[in-house]
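# Summary of the model geometry
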Amino acid sequence: QAFPYCTALISLFSRCSTMASDKVLSMEEVAKHNTKDDCWVVLYGKAYDLTKFAKVHPGGAKLITDAAGMDATAIFDPIHPKDIMDKLLKPSLTMGVVDAATIKPEHVAKPPEAHKPKPKKKAVKADAAEEEIEEFKKPPLAAMLNSFDFESVAREVMEPQAWG
């Protein structure tokens, strides 16, 4: 009773810091936020407002805005650590926990189709006029001496957004 003001402040701060993240949302509510100007994305069952973050995302805004209003966990998981959003974003950008029972297949973002680079080298058969296409072969890691070597291989085997 000696410090009622301090007790009230502690109570207020603890309620504020957990308010948004404790809110339970339906996927239908998240799906309403599906534009580049109002972009919520679900990752590991939590909805995040990524409207501002998309503009500074190292992989480009399109990756995030394409998943606006959807669960993008399947796309996000192979590339990022699970806890990165909680480390990078302010707690106020965690909009709440999504009720898993409300997530339908149409709410789940699909990864883009895998891009298979076209072979670049062609070899002409000596005995025929037909061209045979050689498949790109990655050099051994020990033969890659600098960043230019890594980039030349990346151009052949990765999506441009992943390396460029």
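About the cut-offs
- Residues numbered from 1 in each chain as written.
- Predicted model: local features only at pLDDT ≥ 70, side-chain atom pairs only at ≥ 80, totals over all residues.
- Heavy atoms only, no water.
- Phe/Tyr/Trp six-rings, centres within 6.5 Å; stacked < 30°, edge-to-face > 60°.
- Helix = DSSP H or I, 4+ residues; strand = E, 2+ residues; numbered from the N terminus.
- Buried < 20%, exposed > 50% of the residue type's maximum accessible area, 1.4 Å probe, protein only.
- Contact = heavy atoms within 4.5 Å.
- Patch = residues over 30% accessible without salt bridge, like charges linked within 9 Å, V, L, I, M, F, W, Y side chains within 5 Å.
- Areas by Shrake-Rupley, 256 points an atom, 1.4 Å probe, with all protein chains shown as cover.
- Salt bridge = Lys/Arg side-chain N within 4 Å of Asp/Glu carboxyl O.
- Core = buried A, V, L, I, M, F, W, Y, C linked by side-chain atoms within 4.5 Å.
- Arc of directions from axis to C-beta.
- Polar contact = N/O pair within 3.5 Å; in protein donor to acceptor, adjacent residues only side chain to side chain.
- Pairing = 2+ DSSP bridges.

### What about the packing of aromatic side chains?
- In total, this model carries 1 aromatic pair according to the counting rule given.
- Pairing Tyr44 with Phe76 gives two aromatic rings, centres 5.9 Å apart and planes at 75°, and the pair type is edge-to-face. In this pair, Tyr44 is assigned in the loop between β3 (38-43) and β4 (46-49) and Phe76 in helix α5 (residues 73-76), connecting sequence segments 32 residues apart.
- The exposure class of Tyr44 is partly exposed, given its relative accessible area of 26%.
- By relative accessible area, Phe76 is classed as buried at 9%.

### Concerning the environment of Val41
- Looking at the element boundaries, Val41 is found in strand β3.
- Assessed through its relative accessible area of 3%, Val41 is described here as buried.
- As a C-alpha pair, Val41 and Val30 span 11 residues in sequence and 7.5 Å in three-dimensional space.
- Aside from chain neighbours lying at most four places away, what touches Val41 is Lys46, Ala47, Tyr48, Leu50, Ile64, Ala67, Ala68, Met70 and Ala72.

### Regarding a nonpolar patch on the surface
- On the surface, Phe136, Val157 and Met158 cluster together into a nonpolar patch covering about 220 Å² of accessible area.
- For Met158, the location among the structural elements is in the loop between α7 (147-157) and α8 (160-163).

### As for the side chain of Thr73
- By secondary structure assignment, the location of Thr73 is in helix α5.
- In contact with Thr73, not counting residues within four places along its chain, are Val42, Leu43 and Tyr44.

### Considerations on the nonpolar core
- Ranked by size, the top nonpolar core spans 15 residues in total, and within it Val41, Leu43, Leu50, Ile64 and Met85 carry the most contacts.
- For this core, the element with the most residues is β3, which contributes 3 residues.
- Leu25, Val30, Trp40 and Met95 belong to the second largest nonpolar core, which has 8 residues in total.

### A closer look at α7
- Those residues of α7 that fall on the buried side of the exposure criterion are Val153, Ala154 and Glu156. The buried side chains of α7 occupy one side of the element, clustering within an arc of 160° when seen end-on. The exposed residues of α7 that point more than 90 degrees off its buried face are Ser147 and Phe148.
- At the N-terminal end of α7, a side-chain oxygen is found 3.0 Å from the backbone nitrogen of Phe148, two or three residues along, and the residue is Asn146.

### What about the side chain of His33?
- Inspection of the secondary structure puts His33 in the loop between α2 (27-31) and β2 (34-35).
- At 3.2 Å, the side chain of His33 forms a polar contact with the side chain of Glu29.
- Filtering out sequence-adjacent residues up to four positions away, His33 remains in contact with Asp38, Cys39, Trp40, Ala68 and Gly69.

### Things to note about the pairing of β3
- Extensive coverage of β3 is indicated by the burial of 5 of its 6 residues.
- The sheet contact formed by β2 and β3 spans 2 bridges and is antiparallel. If you follow Thr35 over to β3, its bridge partner there is Asp38.
- Linking β2 to β3, which pair antiparallel, is a turn of 2 residues.
- The loop that links β3 with its antiparallel partner β4 comprises 2 residues; one of these, Tyr44, has a positive phi angle of about 55°.
- Here β3 pairs with strand β5 (residues 70-71) via 2 bridges, running parallel. Bridge pairing in β5 links Val41 to Met70.

From the geometry alone we can't say anything about function, so treat these as descriptive.
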